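Breakdown of the fold
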Amino acid sequence: MELKLLENLRKQVSRKAATAVVACGVAFGIMVGTYSVVMKDVKVLDETRLYEVKTSKKTVKDALEEAGVVLNPGDVVEPEVSTALKDELVIRITRAISVRVTADGKTVDMLTTKRTVKDVLAQAGIAVSPLDKVIPAGENHLSSGDEIKIIRVTEGFEKQKVKIPYRIIKKENNAMEKGLSRVLSKGKDGLKEVTYKVTFEDGREVERQATEEKIITPVQNETVEFGTITTVATARGEVRFKKAFRMLATAYCACKKCTNKEPGHPQYGITYSGIPVRPGIVAVDPRVIPLGSRLYVEGYGFALAADIGGAIKGNRIDLYYPTHGETERYGARRIKVYLLE
């Protein structure tokens, strides 16, 4: 009887032990299953850096904190930070860059996740016309600190009346002395209407291009003949000269009426050059004929430019005569004067 009791006791102990083992196995399975459900494998792609995170947290924000990723103002996270985590989720971060945009007289600093000029301008709501200049160009890639400048370009057309200056056409006259000339036909300026295409950049004119011309008044060129003769016939024969002049000639003497000096005056009868007056001495304008020049004066003869006079300006010459009567008889005449070589 005692043996039966011991056998029954042994069987009861075996059944309890088996039950305990089964219970432990079930508990372990529940724990493993719970772990596999709660823990998630998440990847964080931060621009070019990749983080792999195994986490039991619930949201994207939690996963970023667990990965040690710090977000800056303007950064964009996809999906949003409040999104619930799931296994094999990929979180992408696009970092914001600082860009300066200047357009229409205003400069704006902005944070953006866009990477091309074109996209940044679209984000800023800045429209660009086909004529506008975008610096750098629209497809250029941007980095933090870059600047974008928009130059507004406009075009317009203007009409303007423009004078057409006449030209002087010269012709040789082999019967005329060198230095002398004569106008055969007077010149007259013309007038034309020019249409310009005008380009402006930010309101400032940068280019003006003529696109059309219309003649209103034709130009009339002037024709002038000029002499080529370089010798003049004198009582001494042919004499060579440098240049001929047409001049208004008058006469003077050493008297008080002509020079405002009386005999006995220190400068009486003395020319501006310091030499005494005598026949052949003439007064000229030094800006036309240099003092000391040798001349041949039509109807007077050979002469020396040695004096000046208050009224002798431009193409004028004053011829010395010994007496006042001779000066009065000479009067004023149009003559030729030759500057000798």
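Provided above is the structure to which this section pertains.
Attention in this report is confined to the structure presented alongside it. Per chain, the residues get numbers from 1 upward, laid out in the order the sequence is written. Per-residue local features of the predicted model are confined to residues with pLDDT of at least 70, and side-chain atom pairs are confined, for both listing and counting, to 80 or more; whole-chain, interface and lining totals are unaffected and use all residues. Hydrogens and water molecules were not included; the side-chain quantities draw on all heavy atoms of the structure.

1. Describing the pattern of salt bridges
Counted only if it meets this: Salt bridge, as used here: a side-chain nitrogen of Lys or Arg that lies within 4 Å of a carboxyl oxygen of Asp or Glu. A run of DSSP states H or I qualifies as a helix once it reaches four residues; a run of E qualifies as a strand once it reaches two. Both are numbered from the N-terminal end. Think of it in three bands: with a 1.4 Å probe and only protein chains considered, a residue is buried below 20% of the maximum accessible area for its type, exposed above 50%, and partly exposed in between.
In the structure shown here, the tally under the stated rule is 20 salt bridges. Note that Lys336 and Glu177 form a salt bridge whose closest N and O atoms lie 3.1 Å from each other. You can see Lys336 sitting in strand S21 (residues 333-340) and its partner Glu177 sitting in strand S10 (residues 168-177), a full 159 residues away along the chain. Residue classification places Lys336 among the partly exposed positions, given a relative accessible area of 24%. Ionic contacts of the salt-bridge type, sharing partners, join the residues Asp46, Asp75 and Arg95 into one network.

2. Focus: a nonpolar patch on the surface
Basically, it comes down to this: Patches were defined on residues exceeding 30% relative accessible area and lacking a salt bridge, with like-charge contacts within 9 Å and nonpolar side-chain contacts (Val, Leu, Ile, Met, Phe, Trp, Tyr) within 5 Å. Throughout, the Shrake-Rupley method with a 1.4 Å probe supplies accessible areas, and for residues the shown protein chains are the sole cover considered.
A cluster of nonpolar residues, Tyr166, Ile168 and Val219, forms a patch on the protein surface that exposes about 230 Å² of accessible area. The residue Val219 is located in the loop between strand S13 (204-217) and strand S14 (222-229) in this model. The partly exposed category is assigned to Val219, whose relative accessible area is 34%.

3. Topic: the sheet that holds S14
Defined as follows: Two strands are counted as paired when DSSP detects at least two bridges linking them. Axis definition: a line fitted to C-alpha atoms, limited for helices to the stretch in contact. Angles are taken between N-to-C directions and run from 0 to 180 degrees.
Taken in spatial order, the 3 strands line up as S10-S14-S11 in an open sheet, and their pairing is mixed. Edge positions in the sheet fall to S10 and strand S11 (181-185), since each has one partner strand and no second. Neighbour-to-neighbour, the strand axes of the sheet open up by a mean angle of 30°, direction not taken into account.

Geometric values such as these leave the question of function open.
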